[in-house]
Amino acid sequence: MRHIISLLMENEAGALSRVAGLFSARNFNIESLTVAPTHDPTLSRMTIVTRGNDRVIEQITKQLNKLIDVVKLVDLTDSSFLERELMLVKIQAIGEARDEIMRLADIFRSEILDVSPTTLVVEVTGASKKLDAFLAALKKDSVLEVVRSGATGVARGDKALSI
Amino acid sequence: MELSGAEIVIQALKDEGVEHVFGYPGGAVLHIYDALFQQEAVRHILVRHEQGAAHAADGYARSSGKPGVALVTSGPGATNAVTGIATAYLDSIPLVVISGQVSTPVIGSDAFQEVDMVGITRPCVKHNFLVKNVHELAETIKKAFYVATTGRPGPVVIDIPKDVTDPGIKIPYRYPKAVELRSYRPESKGHRGQIKKAVDMLLTAKRPMIYSGGGVVLGNASEQLTRLTRLLGFPITNTLMGLGSYPSDDQLFVGMLGMHGTYEANMGMHECDVLIAIGARFDDRVTGKIATFCPHAKIIHIDVDPASISKTVSVDVPIVGQVKPVLEVMIELLGENNTKPDRDALDKWWKQINHWRSINCLDYDKKSDKIKPQSVIETLHDVTGGDAFVTSDVGQHQMWAAQYYKFTKPRRWINSGGLGTMGFGLPAAIGVSIANPDAQVACVTGEASILMCIQELATALQYSTPVKVINLNNRYMGMVRQWQEFSYGGRYSHSYMEALPDFIKLAESFGHVGMRIDKPEDVRPALDEAFAMKDRTVFMDFITDDSENVYPMIEAGKGQHEMRLPPGMTTKRELA
Ligand SMILES: Cc1cc2nc3c(=O)[nH]c(=O)nc-3n(C[C@H](O)[C@H](O)[C@H](O)COP(=O)(O)OP(=O)(O)OC[C@H]3O[C@@H](n4cnc5c(N)ncnc54)[C@H](O)[C@@H]3O)c2cc1C
Ligand SMILES: Cc1ncc(C[n+]2csc(CCOP(=O)(O)OP(=O)(O)O)c2C)c(N)n1
Ligand SMILES: [Mg+2]
């Protein structure tokens, strides 16, 4: 099962490598990881997308909690949540294909950020699945670059991950 | 008070109550060594290799319950300490290791003797710090001791760049009385409701087992464990790390469990219907094949580290907390409960256990004309009144020490269980002796292991730590040879110890007493003589039977009920 784990950690040098090191040392799967400071500059928020059965996910959350730099943690997938990822795709776009891509971008409510005579850069935002779907809809050999931010997320409702 | 960074390090150690530091100097820590020189409250023990510093601090910690402190220089000094740090990590031993680092402006430039110590040790410490500013030094040291000694203990590294200890820069010093970390709040008491559930479950048991481990030693809860066990009248087994936390000479004690545990302990585990694990972590040396581990049991698990619970084996009643307060509540609730343990069922269960016990699985040939290693340990027990601190290295001799020295007190058995570090025994024994200057200290070792930290014999002389080295010399890496005999068709690939030194001359060249013992009848007089030399380190080279194996054994891939017994012994699987 795919899980999105969101955590607050001390905004200190080395904290990120503790988390990354934990995943490799314990052979946990890591699909994506994003991190940035929050409105409280002493804290960073990290979002980790991982996969595993219940037993593995339980170990992942326990081992993460055990890291001294981790302040608080929530498995977003335990309840209703919002997920957003941002993707920039540079696409070869010549002739007919150009219209096709612009139509597609429209359907996905995405934005064209850059235009050159032969290429387009499209920004797609949404749950990771939507981004996958956009890529799947493109002709494979037309994709020049894919840049994904990794998923971020937040729980719905009044629950907040804060200290 | 205005102090330099170097003086802060020493003053903070004093304020923390540290009396001994095990270390080795070098460029990056010279300022600290200069501050050490100018005071007397903190005593420095100069080891002969930084691995020895970490192991000695570790032995000090295990035997005293206080955190051990090591001090090493940057680069090679720091990397030499890593094996010792990892050893402490795997056995949850509280250490504070201070390593020097190159000055902050040159960090990252491949400066002379620079290694990324924080990076290298990250996977084998509970936590580590790089102190970039002298103003953070005192508080960081406080945090390091706090983290190392609370919750599930473990080693903490403080990496200090040389410029942070600059004697020319003095700042106001204040050592915090306590620190709080918003990201670290170790659980202590345990949930009362869960404890009650556990008590109810224990009282329904017809074939119960108590399986306790190193957590009872670390948590100073032997007394509570003993009270609970006697109150219930249940059989109890200890892990390798738990030995001594329950008196081994007690009838309720069925011996160690696991790979080289007793037949009765492992069979008891396999057949039990309620298992209570207390400060033990279901290590693979204990469980054997997971699929057949305790197939009939409901499991209760007390552990201070939530990550230990349901890691390899799923449990039914988890209790997160310190063993001591949890067991106290358990005893209290047992007293209040009107239900009592089912005595009829227990009688039947004990009959079965005693039936397994009756094969006497630790029996060995006592009439051999070669020295049997087991008999050396049994005699060691007699000669020391069962009251010595016994450290060990890793191999067959370690298992024999665990099986035949019947420990009755916690913190007396000091060995590397999790990492299995050859070379641990001698420096650890020196640390034990420093912490317990009047105690009898034996280091049970093998001719291969002892050579890994033999240089510490010089430390033993310098600080007059009268360790008795019991070298069970079988001319082989016996544990390796045994596996090669059982699983590799007797192809003894590189396990024979060619070119051994003359251990007597070697001991003498270090200024100690050397003895060689090669006849069974000389074992006792030699041990008597050695232990009578109260203020000397004695190296006893016992020439033992080179073909002896450790029995019983759960071989790789086998279940706990499939033990291999000594040749000629048969199992008693069926009910009595
Ligand atoms: C050659 C060799 C052979 C071995 N054979 C065996 C064998 O036959 N049998 C055997 O048992 N082992 C054997 N071992 C050792 C084995 O590898 C493990 O080190 C050992 O089994 C672990 O012991 P433990 O479960 O008591 O855990 P420890 O490593 O001692 O861990 C303690 C547990 O208690 C918890 N804890 C710590 N403090 C507290 C507290 N205050 N309150 C509550 N919980 C706490 C910790 O979180 C941890 O989960 C062998 C090792 C070697 C090198
Ligand atoms: C540092 C290290 N290297 C290798 C091993 C693997 N190993 C485990 S036991 C052993 C042999 C130990 O031989 P010895 O010290 O003579 O003890 P014996 O088994 O003969 O009693 C070896 C090589 C280890 N545990 N530690
Ligand atoms: Mg040997």
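Residue numbers here run from 1 along each chain, matching the order of that chain's written sequence. Chains carry letters from A onward and ligands carry numbers from 1 onward, assigned in written order. Local features are withheld for residues below a pLDDT of 70 in this predicted model, meaning they are given only at 70 or higher, and side-chain atom pairs are given and counted only at 80 or more; totals for whole chains, interfaces and linings count all residues. Heavy atoms from the whole structure form the basis of all side-chain values; hydrogens and water molecules are not counted.

(A) Main features of the overall build of chain A. We count a stretch as a helix when DSSP gives it H or I for four or more residues in a row; a strand needs E for two or more, and each element gets its number in order from the N terminus. The number of helices and strands found in chain A is 4 helices and 9 strands. Scanning chain A from its N terminus toward the C terminus, one meets helices and strands in the order β-α-β-β-α-β-β-α-β-β-α-β-β. When its C-alpha atoms are laid out on the principal axes, chain A stretches across 55 × 35 × 30 Å. Within chain A, the proportion of its 163 residues that are buried is 41%. Burial here depends on accessible area, computed with a 1.4 Å probe over protein chains only, as a share of the maximum for the residue type. Under 20% is buried, over 50% is exposed, and the range in between is partly exposed.

(B) Local environment of the overall build of chain B. Looking only at helices and strands, chain B has 20 helices and 20 strands in total. Taken against the 2.2 N^0.38 rule, which gives 25 Å for 576 residues, the C-alpha radius of gyration of chain B at 24 Å falls within 12% of a compact globule. Principal axes of the C-alpha set define a box for chain B whose edges measure 80 × 60 × 40 Å. Per-residue burial over chain B gives 61% buried out of 576 residues. Contacts in chain B between residues at least 24 apart in sequence constitute 76% of all its contacts with a sequence separation of at least 6. Under the convention used here, Asp and Glu are negative, Lys and Arg are positive, and both His and the chain ends fall outside the count. The atoms used to mark charge sites are NZ of Lys, CZ of Arg, CG of Asp and CD of Glu. One finds the centroid of the 58 positive side-chain charges in chain B at a distance of 5 Å from the centroid of its 65 negative side-chain charges. Every radius of gyration here is taken over C-alpha atoms, with the globule rule written as 2.2 Å times N^0.38, N being the number of residues. We call two residues in contact whenever any of their non-hydrogen atoms come within 4.5 Å of each other.

(C) Structural view of the site of ligand 1. Residues and elements named next belong to chain B. Being near a molecule or strand, for a residue, means having at least one of its heavy atoms within 4 Å of it. Taken together, the neighbourhood of ligand 1 is formed by 35 residues, with G214, T239, R281, D303 and Q322 sitting nearest. Two N or O atoms form a polar contact when they lie within 3.5 Å of each other; inside protein one atom must be a possible hydrogen donor and the other a possible acceptor, and for residues adjacent in sequence the pair counts only when both atoms belong to side chains. Backbone polar atom of L240 to an oxygen atom of ligand 1: 3.0 Å apart, as the coordinates give it. A distance of 2.6 Å is found between a nitrogen atom of ligand 1 and a side-chain nitrogen or oxygen belonging to Q322. Surface accessibility follows the Shrake-Rupley procedure with a 1.4 Å probe radius. Residue values consider only the protein chains on display as shielding. In isolation ligand 1 has 990 Å² of accessible area, and contact with the protein removes 96% of it. Counting only elements with at least two residues in the shell around ligand 1, the list comes to α8 (214-218), α11 (284-287) and α15 (396-404).

(D) Quick look at the confidence of the model for chain B. A score between 0 and 100, pLDDT records how confident the predictor is in each residue. For chain B, mean pLDDT is 97; residues scoring 70 or higher make up 99% of the total. This prediction of the complex comes with two scores: 0.98 for pTM and 0.95 for ipTM.

(E) Here's a closer look at unusual backbone geometry. All names here are of chain B. The amide bond that connects Y551 to the next residue, P552, takes the cis arrangement and shows omega of -15 degrees. If you trace the backbone, P552 turns up in the segment after β20 (538-543). Even without being glycine, N220 reaches a positive phi, approximately 50 degrees. With respect to the secondary-structure elements, N220 resides in the loop between α8 and α9 (222-232). Despite not being glycine, A499 shows a phi value in the positive range, around 55 degrees. Position of A499 relative to the elements: it lies in the loop between α18 (478-487) and α19 (503-509).

(F) Quick look at the domain arrangement of chain A. Residues and elements named next belong to chain A. Examined at the domain level, chain A breaks down into domain 1 (2-78) and domain 2 (82-152). Annotation comment: domain bounds sourced from an automatic or database domain assignment. Between the C-alpha centres of domain 1 and domain 2 the distance comes to 29 Å. Taken together, the contact pairs 6 residues of domain 1 with 6 residues of domain 2. The term salt bridge refers to a side-chain nitrogen of Lys or Arg lying within 4 Å of a carboxyl oxygen of Asp or Glu. On the surface where domain 1 and domain 2 come into contact, there are 1 salt bridge. Our count for the domain 1 to domain 2 interface comes out at 3 residue pairs in polar contact (both at pLDDT 80 or more). Three classes are used: nonpolar for Ala, Val, Leu, Ile, Met, Phe, Trp, Tyr, Cys and Pro, charged for Asp, Glu, Lys and Arg, and polar for all others, with Gly counted as polar. Within the side of domain 1 that touches domain 2, the residues separate by chemical class into 2 nonpolar, 3 polar and 1 charged.

(G) Region of interest: the interface of chain A and chain B. Taken together, the 20 residues of chain A in the interface contact 20 residues of chain B. A buried area of about 1,600 Å², summed over both sides, lies between chain A and chain B, and 44% of it is on carbon and sulfur atoms. When two components associate, each loses some accessible surface as probed by a 1.4 Å sphere; the sum of these losses over both components is called the buried area. Looking at the side of chain A facing chain B, the largest losses of area belong to R18, R55 and I68 of chain A, adding up to 42% of the total buried there. Inspection of the chain A/chain B interface yields 2 salt bridges. When residues of the side of chain A that touches chain B are traced back to their parent elements, those giving at least two are α1 (15-25), α2 (54-66) and β4 (70-75) of chain A. The biggest single contributor to the side of chain A that touches chain B is α2 of chain A, with 6 residues.

(H) Main features of the packing of helix α3 (residues 50-64) of chain B against helix α16 (residues 425-435) of chain B. All names here are of chain B. Between N-to-C directions, angles cover 0 to 180 degrees, with each direction set by a line fitted to C-alpha atoms, over the stretch in contact for helices. Across the interface, α3 lies against α16 with an axial gap of 7 Å and an inter-helix angle of 45 degrees. The orientation of α3 with respect to α16, classified from their angle, is oblique. Between α3 and α16 lies a crossing of right-handed hand. Note on element contacts: α16 touches α3 through P427, A428, G431, V432, I434 and A435, opposite G52, H55, A56, G59, Y60, S63 and S64. For the contact of α3 with α16, the per-class residue count stands at 7 nonpolar, 6 polar and no charged. Geometric relationships in this document are graded by angle, where less than 35 degrees denotes roughly parallel, more than 145 denotes roughly antiparallel, 65 to 115 denotes roughly perpendicular, and other angles denote oblique. Each crossing gets its hand from how the near helix is turned against the far one by less than a right angle, where anticlockwise is left-handed and clockwise is right-handed.

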